[in-house]
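Residue-level listing of the chains:
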Amino acid sequence: MLRPRLTRLQATEFRSLAKVDIPLGPLTVLVGPNGSGKTNVLNVLRFLASTVRFDLASAIDEWDGFHFIKRQGLNRARNVNLRVSGLLTDHASRTALDVYELRFTQDVAGILSRRESFTFKGTPGRGRRRKIEVKGTQAAIGSEDIWQLATGQTTVLATLPRLADDQGGAGIRKLADFLSSIRVLEPDMVAARRPSRMVKGRLADDAGNLAAALHSLSNGDPESFESLMSEMRFCLPGLDSIRFEPVGGPGKAVAVALHEKGIRLPVYLEEASFGTVRMLALLTALHEPDPPPFTGIEEVDHGLHPWAIDILVDRLRAASQNSQILITTHAPTLVNRLKPLELVVCDRDPDTGASVIPCINSAQVLAAEQGADGLRPGELWFAGALDGVPRGTS
């Protein structure tokens, strides 16, 4: 069975994203100057995940209020509109994609309102797609009222999974499970270096449970752990092995010790370099046997030696077969390793401040590469031939 994945993300009036329409593949890499909106693309996914886990009002509060979400442009549009399409439910196909849309606004009195819709196939074959719509507190399939929501801020994805399968509950559960499990990794080097409680589970967004996640990988999937070890040895010359030591008594917590050839004492993560800890966290996430269906990584190359990029890109591609991956980068060396369909170049309109994503499509990237006399995508991007680079002002 194919793993669920998104094929497109669209956002209107969300922070710097005035109107963007972004294709998503198994591995999608966002490149562009600082302030071009790369992080806000990841923020759309973070925000949608929060609306499922809690409700719309709570998700907006997490972002310090509607005015910090709504784009502060010169236009008068007040609605924020977020839309994702993909192969998420059992009967979706490339000609009948699942489409979820959330549109919300807040009036001058602070009253929040929203509209939602979810279109999906409820049966296999040529059957018609079903559309669940919610306005205010009333949810309906077509003209048939099916559910009364508790408040106007409760999202369909937080409430309607309780519907029976024949009312659309199965499809809604698939979508809700996908969005709520989205993980956006931003390893916190202070948290990642510490010993962690020996609790099984995926690597946390901040990598604060790195020691436990790595320990679980070594016990639960020795083959993947050995592959990780091989990759770390390439990036860290002299590394012999990674071992685990109990902290605070058996079963309480575990610390990671790096053993190097020719050195008697181990190096604990608390003493390891920024790049070593970050690479170890990334590889742990990318080797998980049961990853979340969608993983985002902010500035994936941050702190890594250029020689580690080859290993990382190979691992990202392999991992993207099990977990769809969206990353941001500023590294031409990484972009050099990409295929045109994996690359999304981001830019910003200097007059309006609006993000332009993508500012060049994959066919144009391919054409530029083929006509560049041996230059690779990273070199073309860095030279400005693909746009998406800082521009000085006079």
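A quick note: this is a predicted structure, and the numbers were derived from the prediction, not measured.

Rules of the game
- Note that residues are indexed from 1 along each chain, following the sequence as it is written.
- Confidence filtering applies because this is a predicted model: local features only for residues at pLDDT of at least 70, side-chain atom pairs given and counted only at 80 or more, and all residues used for totals across whole chains, interfaces and linings.
- To get the side-chain values, all heavy atoms of the structure are used, and hydrogens and water are removed first.
- Whenever a carboxyl oxygen of Asp or Glu lies within 4 Å of a side-chain nitrogen of Lys or Arg, that contact is scored as a salt bridge.
- We count a stretch as a helix when DSSP gives it H or I for four or more residues in a row; a strand needs E for two or more, and each element gets its number in order from the N terminus.
- With a 1.4 Å probe rolled over the protein chains alone, any residue whose accessible area is under 20% of its type maximum counts as buried; one over 50% counts as exposed, and the rest are partly exposed.
- To estimate how far a helix should reach, multiply one less than its number of residues by 1.5 Å.
- Put simply, buried Ala, Val, Leu, Ile, Met, Phe, Trp, Tyr and Cys residues joined by side-chain atoms within 4.5 Å make one nonpolar core.
- Whether two residues are in contact is decided by their heavy atoms: any pair within 4.5 Å suffices.
- None of His or the chain ends enter the tally, which takes Lys and Arg as positive and Asp and Glu as negative.
- Here the rule is simple: two strands pair whenever DSSP picks up at least two bridges between them.
- Think of each axis as a best-fit line through the C-alpha atoms, taken over the contacting stretch in the case of a helix, with angles from 0 to 180 degrees between the N-to-C directions.
- With a 1 Å grid spanning the protein atoms alone, the term cavity applies to any set of points in which a 1.4 Å probe fits but cannot get out, the term pocket to an open set with protein on both sides within 12 Å along at least five of seven lines, and the term lining residue to any residue with an atom within 4 Å of a point.
- Grid points are joined across faces, edges and corners, and a volume is the space filled by probe spheres set on the points.
- Three categories are distinguished: nonpolar for Ala, Val, Leu, Ile, Met, Phe, Trp, Tyr, Cys and Pro, charged for Asp, Glu, Lys and Arg, and polar for the others, with Gly belonging to the last.

(A) Representation of the pattern of salt bridges in the model. Counted under the stated rule, the structure contains 14 salt bridges. R337 is the salt-bridge partner of D310, the closest N and O atoms lying 2.9 Å from each other. Taken together, the residues D310 in helix α9 (residues 306-319) and R337 in the loop between α10 (332-335) and β17 (343-345) connect sequence positions 27 residues apart. For R337, a relative accessible area of 24% gives the class partly exposed. A salt bridge links D314 to R337; the nearest nitrogen and oxygen atoms lie 2.8 Å apart. Of this pair, D314 sits in helix α9 while R337 is found in the loop between α10 and β17, placing the two residues 23 residues apart along the sequence. Here the residues in one salt-bridge network are E13, K70 and R71, joined through shared partners.

(B) Inspection of helix α8 (residues 274-286) at higher detail. Relative to the 18 Å expected for 13 residues at 1.5 Å per residue, α8 spans 18 Å between its end C-alpha atoms, a close match to the ideal helical length. For α8, the buried fraction is high: 12 of the 13 residues fall into the buried class. Of all the positions in α8, only G275, T276, V277, R278, M279, L280, A281, L282, L283, T284, A285 and L286 are classed as buried.

(C) Region of the structure containing the nonpolar core. Among the nonpolar cores identified, the biggest contains 58 residues, and I242 and L334 are the most heavily contacted of them. Here this core takes eight residues from α8, the largest share from any one element. Beyond its immediate sequence surroundings of up to four residues, I242 is in contact with L214, F225, L228, M229, V256, A257, L258 and L280.

(D) Structural detail: the side chain of R278. With respect to the helices and strands, the residue R278 is situated in helix α8. The charged side chain of R278 is buried without a salt bridge, its nearest counter-charge being E299 at 6.6 Å. Once you skip the residues sitting within four places of it in the chain, R278 turns out to touch P187, M189, I297, E298, E299, V300 and H302.

(E) Geometry of the environment of E298. Note that E298 resides in the loop between β15 (294-297) and α9. Through-space distance from the C-alpha of E298 to that of L30 is 9.7 Å; in sequence the pair is 268 residues apart. When residues no more than four places from it in sequence are discounted, the contact partners of E298 are T39, L42, L185, E186, R278 and T328.

(F) Here's a closer look at the sheet that holds β17. Judged by pairing direction, the sheet is parallel, and its five strands sit side by side in the order β10-β15-β16-β3-β17 without closing on themselves. The open sheet terminates on both sides in strands that have one partner only, identified here as β10 (183-185) and β17. Strand-to-strand twist across the sheet, computed as the mean angle between neighbouring axes with direction ignored, equals 20 degrees.

(G) Up close: the layout of surface pockets. In this structure, the largest pocket occupies an estimated 560 Å³ of space. For the largest pocket, the lining is made up of 23 residues, of which L2, R3, P4, R5 and L87 are closest to its centre. Broken down by element, the residue count for the lining of the largest pocket peaks at three residues, all from helix α4 (residues 169-180). Each residue belonging to the lining of the largest pocket can be placed in one class, and the counts come to nine nonpolar, eight polar and six charged. A volume near 440 Å³ is recorded for the second largest pocket. If you go around the second largest pocket, you meet 25 residues; those closest to its centre are P23, L24, G25, L341 and E342. Those elements that place two or more of their residues in the lining of the second largest pocket are β1 (5-14), β3 (27-31) and β17. Residues that form the lining of the second largest pocket fall into these classes: 12 nonpolar, seven polar and six charged.

That is the geometry; function is a separate question.
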